[in-house]
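# Geometric and topological summary
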Amino acid sequence: MNVSFDSDGAALAPQITHPTLLVHSEDAAIPDGARRFHAGLAGPGDILWTQGTQFDFYDQEPHVTLAADTVAAHFGRTLR
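Every value quoted in this text rests on a predicted model; they were computed, and no experiment measured them.

Okay, the overall build of the protein chain next. Looking only at helices and strands, one finds three helices and two strands in the protein chain. When the helices and strands of the protein chain are read in sequence order from the N terminus, they spell out β-α-β-α-α. Within the protein chain, the proportion of its 80 residues that are buried is 29%. As displayed, the protein chain has an accessible area near 5400 Å², and 57% of this comes from carbon and sulfur atoms. Within the protein chain, one finds 4 positive and 10 negative side-chain charges whose respective centroids are separated by 11 Å.

Considering every residue of the protein chain, the mean pLDDT works out to 90; 91% of them sit at 70 or more. Every residue in residues 1–5 is under pLDDT 50, and counting partners more than four places away or in other chains gives seven contacts.

The peptide bond linking Glu61 to Pro62 adopts the cis configuration, its omega dihedral lying at 5 degrees. Structurally, the position occupied by Pro62 is in the loop between α2 (56–59) and α3 (63–78). You will see that Ile30, though not glycine, has its phi angle at about 50 degrees, which is positive. Overall, Ile30 belongs to the exposed group, its relative accessible area being 61%.

Under the criterion given, the structure shown has one aromatic pair. With a centroid separation of 6.0 Å and 35 degrees between ring planes, the pair formed by Phe55 and Tyr58 is classed as tilted. Take Phe55 and Tyr58: they sit in the same class, and that class is exposed. The ring of Trp49 is capped by Arg35, whose NZ or CZ atom sits 4.6 Å from the centre of that ring.

Further remarks concern the layout of surface pockets. Roughly 190 Å³ of volume is contained in the largest pocket. Around the largest pocket, the lining residues are Leu22, Val23, His24, Ala28, Ala29, Ala34, Gln54, Phe57, Tyr58 and Ala67. Listing elements by their share of the lining of the largest pocket, those giving two or more residues are β1 (20–27) and α2. Here the element with the most residues in the lining of the largest pocket is β1; it accounts for three residues. Residue classes in the lining of the largest pocket are distributed as eight nonpolar, two polar and no charged.

Another point: the pairing of β1. Relative to strand β2 (residues 45–53), β1 runs parallel, the two being bridged by seven bridges. Within β2, the residue paired with Thr20 across the bridge is Gly45. Between the parallel elements β1 and β2, the chain passes through helix α1 (residues 31–40) in a crossover that is right-handed.

What counts, and at which threshold
Residues take numbers from 1 onward in each chain, read along the sequence in its written order. Thresholds applied to this predicted model are a pLDDT of at least 70 for local features of residues and 80 or more for the giving and counting of side-chain atom pairs; totals over whole chains, interfaces and linings are not thresholded and use all residues. With hydrogens and water stripped out, all remaining heavy atoms of the structure feed into the side-chain values. Numbering of helices and strands runs from the N terminus, with a helix taken as a DSSP run of H or I at least four residues long and a strand as a DSSP run of E at least two residues long. Accessibility here uses a 1.4 Å probe with only protein chains present; expressed as a share of the type maximum, an area under 20% marks a residue as buried, one over 50% as exposed, and anything in between as partly exposed. Every accessible area reported is derived by Shrake-Rupley at a probe size of 1.4 Å, with residue values counting cover from the shown protein chains alone. For the purpose of charge, His is not counted, nor are the chain termini; Lys and Arg are scored as positive and Asp and Glu as negative. We put the charge of a Lys on NZ, of an Arg on CZ, of an Asp on CG and of a Glu on CD. The predictor attaches a confidence to each residue, and that confidence, scored 0 to 100, is pLDDT. It only takes one pair of heavy atoms within 4.5 Å for two residues to be counted as in contact. The pairing test for Phe, Tyr and Trp rings, Trp by its six-membered ring, is centres within 6.5 Å, and the orientation test on the planes gives stacked under 30 degrees, edge-to-face over 60, and tilted for anything in between. Here, a charge over a ring means that NZ of Lys or CZ of Arg falls within 6 Å of the ring centre while also lying within 35 degrees of the ring normal. Computed over the protein atoms alone on a 1 Å grid, cavities are sets of points where a 1.4 Å probe fits but cannot get out and pockets are open sets with protein on both sides within 12 Å along at least five of seven lines; a residue lines them when it has an atom within 4 Å of a point. Grid points are joined across faces, edges and corners, and a volume is the space filled by probe spheres set on the points. Under the scheme applied here, ten amino acids are nonpolar (Ala, Val, Leu, Ile, Met, Phe, Trp, Tyr, Cys and Pro), four are charged (Asp, Glu, Lys and Arg), and all others, including Gly, are polar. Two strands are said to pair when DSSP picks up at least two bridges between them. Crossovers are described as right-handed under a simple rule: with the strands pointing away from the observer, the path leading from the first strand over the helix to the second runs clockwise.

So, in structure tokens, the structure goes:
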């Protein structure tokens, strides 16, 4: 897929047909954008709404483990 990025990432969601997982929170960047992106996916989409700020998912426990475990389970279900 050839994608050009603009200021509205949700506009790209209808082009995504593969199973997709988002890990997000109300305190992370642009939660409404994440909701719009998720709602616009052409393929199956899961979203984990949790607690934490944008960068907590990179280096703060328990956010890192929750995100990593959720992603691992997603890949276990969807990669074949």
